[in-house]
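Descriptive analysis of the structure
Chain by chain, the residues run as shown.
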Amino acid sequence: MANALRWAVGPFLIATGNLIVWWGAFSIGLKATSGAKDELITSGLYRFSRHPQYLADMAILVGFGLLFASSWVWPIVIVGVAALALAPLAEEPWLHEQYGSKYRDYCAETRRYL
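Quick caveat: nothing in here was measured; it's all calculated off a predicted structure. (Residues numbered from 1 in each chain as written. Predicted model: local features only at pLDDT ≥ 70, side-chain atom pairs only at ≥ 80, totals over all residues. Heavy atoms only, no water.)

So, on to the overall build of the protein. Looking only at helices and strands, the protein has four helices and zero strands in total. Taken from the N to the C terminus, the helices and strands of the protein come in the order α-α-α-α. In terms of overall dimensions, the protein has C-alpha extents of about 50 × 25 × 25 Å along its principal axes. A burial count over the protein gives 32% of its 114 residues as buried. Long-range pairs, those at least 24 residues apart, make up 70% of the contacts in the protein with a sequence separation of at least 6. (Helix = DSSP H or I, 4+ residues; strand = E, 2+ residues; numbered from the N terminus. Buried < 20%, exposed > 50% of the residue type's maximum accessible area, 1.4 Å probe, protein only. Contact = heavy atoms within 4.5 Å.)

To continue, consider the side chain of S49. By the secondary structure assignment, S49 is in the loop between helix 2 (30-33) and helix 3 (52-68). Excluding residues within four positions of it along the chain, S49 makes contact with L55, Y106, T110, R111, R112 and Y113.

We now examine the pattern of salt bridges. Applying the stated criterion across every chain yields a total of two salt bridges. For the salt bridge of R50 with E92, the shortest nitrogen-to-oxygen distance reads 2.9 Å. Remark: E92 occurs in helix 4 (residues 74-109) and R50 occurs in the loop between helix 2 and helix 3; sequence separation between them is 42 residues. Exposure remark for R50: the relative accessible area of 10% places this residue in the buried category. According to the relative accessible area criterion, E92 is buried, its value standing at 5%. The closest approach of N and O atoms between R112 and E92, which form a salt bridge, is 2.7 Å. Within this pair, whereas R112 is found in the segment after helix 4, its partner E92 is found in helix 4, the two being separated by 20 residues in sequence. Here the salt bridges share partners, and the residues they tie into one network are R50, E92 and R112. (Salt bridge = Lys/Arg side-chain N within 4 Å of Asp/Glu carboxyl O.)

Let us look at the environment of G65. Here G65 shows up in helix 3. If near-sequence neighbours (up to four positions away) are discounted, G65 is found in contact with S70, V73, W74 and V77.

Right under this line is the structure:
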């Protein structure tokens, strides 16, 4: 059972995470996803989460953790997920500075993660 779960859930999280990451990247544009100021996108995936790419990256890491099924990989997964969970806290002050009240309104309407 555990082996079947490993081979079903792990690749699913990896594949779905990658689809969401690339969908998010192309939704906001490669310029903005690389950190340059561009238009603030609040539609599509960004209607449900302010940081869908970070969530998807977390899913990818957990998927690899499940797929590898090794206790050696979990510390890396945990550190990676923690870093991705904290990344918006560093990014959001810049977003507030760049987009002002438009970003504040977006924050009031949309959760940081889910």
